[in-house]
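Structure assessment
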Amino acid sequence: MQPQAFIFDLDGVITDTAEFHYLAWKQIGEELGIPVDRELNEQLKGVSRLESLERILSASPRPLSLSDAEKEQLATRKNNHYRELIEAIRPSDILPGITELIEAIQASKLRIALGSASKNATFVLDKLGLTEAFEYIVDPGRIAFGKPHPETFLNAADVLGVPYAACIGVEDSEAGIEAINQAGMFSVGVGAPAFLHEANYLVPDTSRLKLDEILKAYLNIT
Ligand code: B16
Ligand code: MG
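Residues numbered from 1 in each chain as written. Chains lettered and ligands numbered in written order. Predicted model: local features only at pLDDT ≥ 70, side-chain atom pairs only at ≥ 80, totals over all residues. Heavy atoms only, no water.

1. Digging into the overall build of the protein chain
Looking only at helices and strands, the protein chain features ten helices and six strands. Since a compact globule built from 222 residues should have a radius of gyration of about 17 Å, the 17 Å found for the protein chain is in line with a globular shape. Summarising its shape, the C-alpha atoms of the protein chain cover approximately 50 × 30 × 30 Å along the three principal directions. Across the 222 residues that make up the protein chain, the buried fraction comes to 49%. Across the protein chain, the fraction of contacts at a sequence separation of at least 24, relative to all contacts at a separation of at least 6, is 62%. Accessible area for the protein chain stands at about 10,500 Å²; split by element, carbon and sulfur atoms hold 50% of it. Across the protein chain, the mean location of the 20 positive side-chain charges is 2 Å away from that of the 33 negative side-chain charges. (Helix = DSSP H or I, 4+ residues; strand = E, 2+ residues; numbered from the N terminus. Rg over C-alpha atoms; globule rule 2.2 N^0.38 Å. Buried < 20%, exposed > 50% of the residue type's maximum accessible area, 1.4 Å probe, protein only. Contact = heavy atoms within 4.5 Å. Areas by Shrake-Rupley, 256 points an atom, 1.4 Å probe, with all protein chains shown as cover. Lys, Arg positive; Asp, Glu negative; His and termini not counted. Charge placed at Lys NZ, Arg CZ, Asp CG, Glu CD.)

2. What to know about the coordination of the magnesium ion (ligand 2)
Summarising the metal site, the magnesium ion (ligand 2) is bound by the protein donors D9 (OD), D11 (O) and D172 (OD), whose distances to it range over 2.0 to 2.2 Å. The exposure class assigned to D11 is buried, which follows from its relative accessible area of 12%. D172 sits in the buried class, given a relative accessible area of 7%. (Donors = N, O, S within 2.8 Å, 3.2 Å for Na, K, Ca; no water.)

3. A closer look at the site of ligand 1
In the vicinity of ligand 1, 18 residues are found, and the nearest of them are D11, R49, S116, S118 and N120. Within the contact set of ligand 1, an oxygen atom lies 2.8 Å away from a backbone nitrogen or oxygen of G46. Within the backbone of K119, a nitrogen or oxygen atom sits 2.7 Å from an oxygen atom of ligand 1. Within the complex, the protein chains bury 98% of what would otherwise be the 470 Å² of accessible surface of ligand 1. (Near = heavy atom within 4 Å. Polar contact = N/O pair within 3.5 Å; in protein donor to acceptor, adjacent residues only side chain to side chain.)

4. Describing the pairing of strand β1 (residues 5–8)
Here β1 shows two buried faces, one formed by A5 and I7 and the other by F6 and F8. Looking at chain direction, β1 and strand β2 (residues 111–114) are connected through four bridges and run parallel. Note that in β2 the partner of A5 across the bridge is R111. By the bridge criterion, four bridges tie β1 to strand β4 (residues 167–171) in an arrangement that is parallel. Each bridged residue has a counterpart across the sheet, and for F6 the counterpart in β4 is I168. (Pairing = 2+ DSSP bridges.)

5. Some words on the sheet that holds strand β3 (residues 136–137)
Strand order in the open sheet made by the six strands is β3-β2-β1-β4-β5-β6, with parallel pairing throughout. Each edge of the open sheet carries a strand with a single partner, namely β3 and β6 (201–203). Against the sheet, helix α5 (residues 98–107) touches β1 and β2, its axis set at about 135° to β2. The sheet strands contacting helix α10 (residues 211–221) are β1, β4, β5 (186–190) and β6, and the helix crosses β5 at an angle near 140°. (Axes fitted to C-alpha atoms, helices over the stretch in contact; angles between N-to-C directions.)

6. Digging into the UniProt feature "active site" (unreviewed entry) in the protein chain
Taken from the UniProt record, the annotation "active site" (unreviewed entry) applies to D9 and D11. Here D9 shows up in the loop between β1 and α1 (17–32). Among the residues examined, D9 registers a relative accessible area of 3% and is labelled buried. Other than its neighbours up to four places away in sequence, D9 contacts I14, L114, G115, S116, K147, V170, E171 and D172. Reaching out from D9, the side chain makes a polar contact with the side chain of K147 at a distance of 3.1 Å. For D11, the location among the structural elements is in the loop between β1 and α1. Contacts of D11, omitting those with residues within four sequence positions, involve T17, A18, H21, Y82, S116, S118 and D172. (UniProt positions renumbered as here; feature names shortened; annotations may be inferred.)

7. Observations regarding the packing of aromatic side chains
The final tally for this structure, using the stated rule, is three aromatic pairs. Seen in terms of ring centroids, F6 and F8 are 5.9 Å apart; in terms of plane orientation they differ by 20°. Their pairing is stacked. Comparing F6 with F8 shows no difference in burial state: the two are buried. An angle of 90° between the planes, with centres 6.3 Å apart, marks the rings of F8 and F134 as edge-to-face. Of this pair, F8 sits in strand β1 while F134 sits in the loop between α6 (121–128) and β3; the two residues are 126 residues apart in sequence, bridging distant segments of the chain. Residue F8 shares its accessibility class with F134, and that shared class is buried. (Phe/Tyr/Trp six-rings, centres within 6.5 Å; stacked < 30°, edge-to-face > 60°.)

See below:
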């Protein structure tokens, strides 16, 4: 089958907002007496705000029992801090190689959608000046099951009207790679093999994302 569409993750793939999510959760963790280190953070990438909080609470060294209202408050505080951190994002914060990759995809007449779990995704894309590049942006508020469930990616393909097997998903998170694989799509991972070994094609960082290499790998596997 020939590929027809790319579905991109946002945080950690298009721009380094994954680091800002980490810093914001780390601050909440410090308030709660729960160390949020980079290893725990790998389990938070791609996962919704409330599910991320649940995973942090599960890592607590002492038993914590919080009401739903208290959890909502913590999640809101995390988001307020995150919003402060992303306020200054500019087009120069697009990660290396991404602009070139998007241009190459457009020149090849392939379709492009965004499959992010973040409710801040449209804000970030606007700041980066990239909104127009995406034909469709998944609204995570309308997704019942977040990553690692495949619904985010299936929704993008359904709206584009492209068969799942003709889609290529690009992700920096373990949960996201699982979601793409479960969707029956070709998965491209950006990051370390320790976390992303299930990816069909893996690069260490975004500067290594080259359209011709990705298409070669896709055609070899499908
Ligand atoms: P928000 P992605 C995900 O975005 C992040 O990786 C994850 O850390 C975050 O918790 C999730 O979005 C929800 O984000 O709190 O802004 O709604 O990687 O799927 O683009
Ligand atoms: Mg991500």
